[in-house]
Amino acid sequence: MIVTSKSGLANVIGIAALALFLVGSFVGLFVVPADGMQGDIQRLMYVHVPAAWLAFLSFFVVFLMSVLYLIQRDLRWDRVAQSSAEIGVVFTVLTLALGSMWGKPTWGVWWTWDPRLTTTAIMLAIYVGYLAIRSFADDPDKRARWAAIVGIIGFANVPIVYLSVIWWRTLHQPPSSPRSVSPEILWTLMFNLAAFSVIYVYLMMRRIRLAKLEGELEQRMAYHG
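Here the structure is a predicted model, which is why all the values come from computation and not from measurement.

Student: Account for the nonpolar core, with residues named and values stated.
Tutor: Grouped together as the largest cluster of nonpolar side chains are 27 residues, with contacts concentrated most on Phe59, Val62, Phe91, Met123, Tyr127 and Tyr130. The set of elements that each furnish at least two residues to this core consists of helix 2 (45-72), helix 3 (75-107), helix 4 (115-133), helix 6 (157-167) and helix 7 (183-224). Dropping the residues within four chain positions of it, Phe91 is found in contact with Ala51, Leu54, Ala55, Phe196, Ile199 and Leu203. Val32, Leu44, Tyr46 and Leu189 belong to the second-largest nonpolar core, a separate cluster that totals nine residues.

This is the structure we're talking about:
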């Protein structure tokens, strides 16, 4: 099959993402044995962990694109940063929601001010603020500059989220060593991480295209206005 357009490539990646997600979900739900201690609730891990991974990946891209924008002042980098931030916010919400579903039967509460949960909530607030600040300026360059500064400074919280379970006493389990889980669980988790990464690529391709069209429309409106 020869892909002759970006839209065609996006469609192929979208189909691949859906297929990988369905296979990974089926294996995680019905094929891999349940955890010996937590039972079936542990199966949330196959979505919860990849969702958190995508949030981290998304915000790293925001950081990188923000740096590139400040160096080159090219609005293409700002469009990529904005697109990745929106996707990251969605997956951070999903991470928190699934974590609450996992926490209720294991911790006895839907929410607690655990260091991992608290720093993740702060991370969500930072990037919601990143998106909100973009509405405070009509000029595209000023908007991109303000957002880039927030995107760079805000990224400092991302490693804090990851290291919170190491630095502080926390209910949340620390990062697991590959040797501490069964091969079936490990490979299923790796497969789902790969599937979610393809989902990210697909969503980014679609959102960047939309951001480009939004920018062109904004330019035309400014020209005619």
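Student: Would you mind going over the pattern of salt bridges in detail, with residue names and values included?
Tutor: Following the criterion strictly, the structure yields five salt bridges and no others. Between Asp40 and Arg43 there is a salt bridge; the shortest N-O distance is 3.0 Å. Between Glu214 and Arg207 there is a salt bridge, with its nearest N and O atoms 3.5 Å apart. By relative accessible area, Glu214 is classed as partly exposed at 37%. Here the salt bridges share partners, and the residues they tie into one network are Glu86, Arg207 and Glu214.

Reading guide: rules and limits
Per chain, residues are indexed from 1 in the order of the written sequence. Confidence filtering applies because this is a predicted model: local features only for residues at pLDDT of at least 70, side-chain atom pairs given and counted only at 80 or more, and all residues used for totals across whole chains, interfaces and linings. Excluded from the side-chain calculation are hydrogens and water; included are all heavy atoms of the structure. Here, the term nonpolar core denotes a set of buried Ala, Val, Leu, Ile, Met, Phe, Trp, Tyr and Cys residues that are joined through side-chain atoms within 4.5 Å. Note on exposure labels: buried denotes an accessible area under 20% of the residue type's maximum, exposed denotes more than 50%, and partly exposed covers the range between, all computed with a 1.4 Å probe on protein chains only. Under the DSSP-based scheme used, a helix requires at least four consecutive residues in state H or I and a strand at least two consecutive residues in state E, with every element numbered from the N terminus. In what follows, residue pairs with any heavy atoms lying within 4.5 Å of each other are defined as contacts. For this analysis, a salt bridge means a side-chain nitrogen from Lys or Arg found within 4 Å of a carboxyl oxygen belonging to Asp or Glu.

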